[in-house]
Structure formats: structure tokens, C-alpha cells
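Chain and residue survey
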Amino acid sequence: EAGVVQSPRYKIIEKKQPVAFWCNPISGHNTLYWYRQNLGQGPELLIRYENEEAVDDSQLPKDRFSAERLKGVDSTLKIQPAELGDSAVYLCASSGEEGLANEQYFGPGTRLTVT
Amino acid sequence: GNSVTQMEGPVTLSEEAFLTINCTYTATGYPSLFWYVQYPGEGLQLLLKATKADDKGSNKGFEATYRKETTSFHLEKGSVQVSDSAVYFCALSEQPSGYSTLTFGKGTMLLVSP
């Protein structure tokens, strides 16, 4: 079974430029999460989707961050414009059946460097 | 709010040594507790979990017991291997079932030398 796929794995951009990350969750998983992991820290939730609905986006900086999951499958996270402080690893995770809902499966992440 | 505190790393051990990584938590309800492991260049993988007090999670020789009285979930392994070198994250989830988000600790790096 394929795991959570993310692309790109690495991205280097200059500040004020836009950037987008893509995630394809495990097939059949209805819940999708985007986390940000700063250096030396644990992941912190940015947004959670149930199918195509964003049910928890309270930690998403909405002035510059946006996300979508139009068909309830893959998802895109965008930053526009990027700031130096956005340098981090952006992780996508998914989870499936309710009984195992807390078992989140993580992708390898996208390491963003803003210069 | 919820929070997780882990011992700071790195933890440096020789192969076959005993491992303990401390984790304590603060939660308003009755959380589920998790240990995730992150190998270099890879995503986080669920190592083990416990959903109620006194439950013991175990996997690959690692184990942790949910201690409600001390709000702890310490990770242990009797004999570590070089391949166990990774970053270990303790985490909690507010709800024992249903969809919920994870609150992570800062992670503890484990380095095992031959």
C-alpha cells in the first residue's frame, strides 16, 4: 500500500515569493492534516480536513497561507508571500476508519527554505 | 491547553544499553498517548500508543505505560540497537476515538553507537 506522498521534497525560494506544496493521502483516508515542524520542535497543526471540508484551521495564518482539498482526495498548501520565518518542514498526514482515527500516517515532508 | 514535555536530547547510548525517554503531559480530559519515531530523511511513524490509564503500548521492543496518576508515558527499551537512532516524539490526542489533532512534544534525539 502506498503511503502519504508529498512533493516537492525540498524547496528554496526568496522571501516574498509564492510557494505551493502538494499532498496525496493514503487511498480511502478521509481525514487529511497539514502540520508545520520548525527546527528542533514537534509538528504543529495548521489545518485539518474531513473530506473536502476544512474543520479545523484555527492555527493557519490566513493572511498568507491557504489550503484546498477540492475533491476530498489530494490537497495543496500555499504560502503567498513567503517570509523568512516560514522556513520549516511542512508535513502532511492522513487517517482513516474511525476506530483507528488517531493513527495518523505521515508523509516525508517538504523542507522549505526562505532566503 | 494541552501540552507535552519530553526530556531534552540528545540521548547517547552504546548498543545493548537500556533506554528511557521521559514524557509527561497536561490535558483537560482523558487523552490517548502516542510515541512517534522519525528516522533521518523520513516522515513520522507511529511506534506505539495507549488509549486509557494503565494501558501498555508496545512495538519492536519498545514499550510505554499510560500513568494517569503521574501524567506520564515514558518510553523504554531493554537493549537498543544502532538502527534505533532517530528522533522520538511523544504526543497526545484529546479524544480516545474519533477525529482529533495531535499535540506533540519537542522530540528527543537518540544516538546509539556500536
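Basis of the calculations
Residues numbered from 1 in each chain as written. Chains lettered and ligands numbered in written order. Predicted model: local features only at pLDDT ≥ 70, side-chain atom pairs only at ≥ 80, totals over all residues. Heavy atoms only, no water. Helix = DSSP H or I, 4+ residues; strand = E, 2+ residues; numbered from the N terminus. Rg over C-alpha atoms; globule rule 2.2 N^0.38 Å. Buried < 20%, exposed > 50% of the residue type's maximum accessible area, 1.4 Å probe, protein only. Areas by Shrake-Rupley, 256 points an atom, 1.4 Å probe, with all protein chains shown as cover. Lys, Arg positive; Asp, Glu negative; His and termini not counted. Charge placed at Lys NZ, Arg CZ, Asp CG, Glu CD. Contact = heavy atoms within 4.5 Å. Salt bridge = Lys/Arg side-chain N within 4 Å of Asp/Glu carboxyl O. Pairing = 2+ DSSP bridges. Axes fitted to C-alpha atoms, helices over the stretch in contact; angles between N-to-C directions.

Here we take up the overall build of chain B. Scanning chain B from N- to C-terminus turns up zero helices and twelve strands. Taken from the N to the C terminus, the helices and strands of chain B come in the order β-β-β-β-β-β-β-β-β-β-β-β. On C-alpha atoms alone, chain B measures out to a radius of gyration of 14 Å, which is about the 13 Å that the 2.2 N^0.38 rule sets for 114 residues. With respect to the three principal axes, the spread of C-alpha positions in chain B is 40 × 30 × 20 Å. Put simply, chain B has 114 residues, and 45% of those count as buried. Total accessible area on chain B stands at roughly 5400 Å², and carbon and sulfur atoms take up 48% of it. On chain B, the mean spot of the 8 positive side-chain charges and the mean spot of the 11 negative ones are 6 Å from each other.

On to the overall build of chain A. A tally of regular secondary structure across chain A gives zero helices and eleven strands. For chain A, the sequential pattern of α-helices and β-strands runs β-β-β-β-β-β-β-β-β-β-β. Radius of gyration (C-alpha) of chain A: 13 Å, near the 13 Å computed for a compact globule of 115 residues. For chain A, the spread of C-alpha atoms along the three principal axes comes to 40 × 25 × 25 Å. Out of the 115 residues belonging to chain A, those deemed buried represent 48%. Put simply, of all contacts in chain A between residues at least 6 apart along the chain, 53% involve residues at least 24 apart. Accessible surface computed for chain A: about 5800 Å², of which carbon and sulfur atoms make up 47%.

The subject of this paragraph is the pattern of salt bridges. All names here are of chain A. This model, assessed by the stated rule, comprises nine salt bridges over all chains. Between Arg 36 and Asp 86 there is a salt bridge; the shortest N-O distance is 4.0 Å. Here Asp 86 lies in the loop between strand E8 (75-79) and strand E9 (88-95) and Arg 36 lies in strand E4 (residues 31-37), a separation of 50 residues in the sequence. The class of Arg 36 is buried, set by a relative accessible area of 17%. The partner of Arg 64 in a salt bridge is Glu 83, with the nearest N and O atoms 3.3 Å apart. Separated by 19 residues along the polypeptide, Arg 64 in the loop between strand E6 (53-56) and strand E7 (65-68) and Glu 83 in the loop between E8 and E9 bring together distant segments of the chain. Taken together, the salt bridges that share partners define one network made up of Arg 36, Arg 64, Glu 83 and Asp 86.

All names here are of chain B. The strand order across the open sheet built from four strands is E3-E9-E8-E7, with neighbouring strands paired in antiparallel fashion. Strands with a single pairing partner mark the edges of an open sheet, and in this sheet they are strand E3 (19-21) and strand E7 (56-59). Neighbouring strand axes in the sheet, compared pairwise and without regard to direction, differ in orientation by 15° on average. In terms of strand pairing, E3 meets strand E9 (residues 75-77) through three bridges, oriented antiparallel. Looking across to E9, one finds that Leu 19 is bridged to Lys 77.

Looking at the secondary structure, you find Leu75(B) in strand E9. For Leu75(B), the contacting residues outside a window of four places in its chain are Leu19(B), Thr20(B), Ile21(B), Trp35(B), Leu47(B), Leu48(B), Phe62(B), Glu63(B), Ala64(B) and Tyr88(B).

This next bit is on the pairing of strand E8 (residues 62-65) of chain B. Residues and elements named next belong to chain B. The sheet contact formed by E7 and E8 spans four bridges and is antiparallel. Residue pairing in the sheet places Ser 58 in a bridge with Glu 63 of E8. In this antiparallel pair of consecutive strands, E7 and E8, the connection spans two residues, and Lys 60 shows a positive phi of 55°. When E8 meets E9, the two strands line up antiparallel, connected through three bridges. Across the sheet, Ala 64 pairs through a bridge with Leu 75, a residue of E9.

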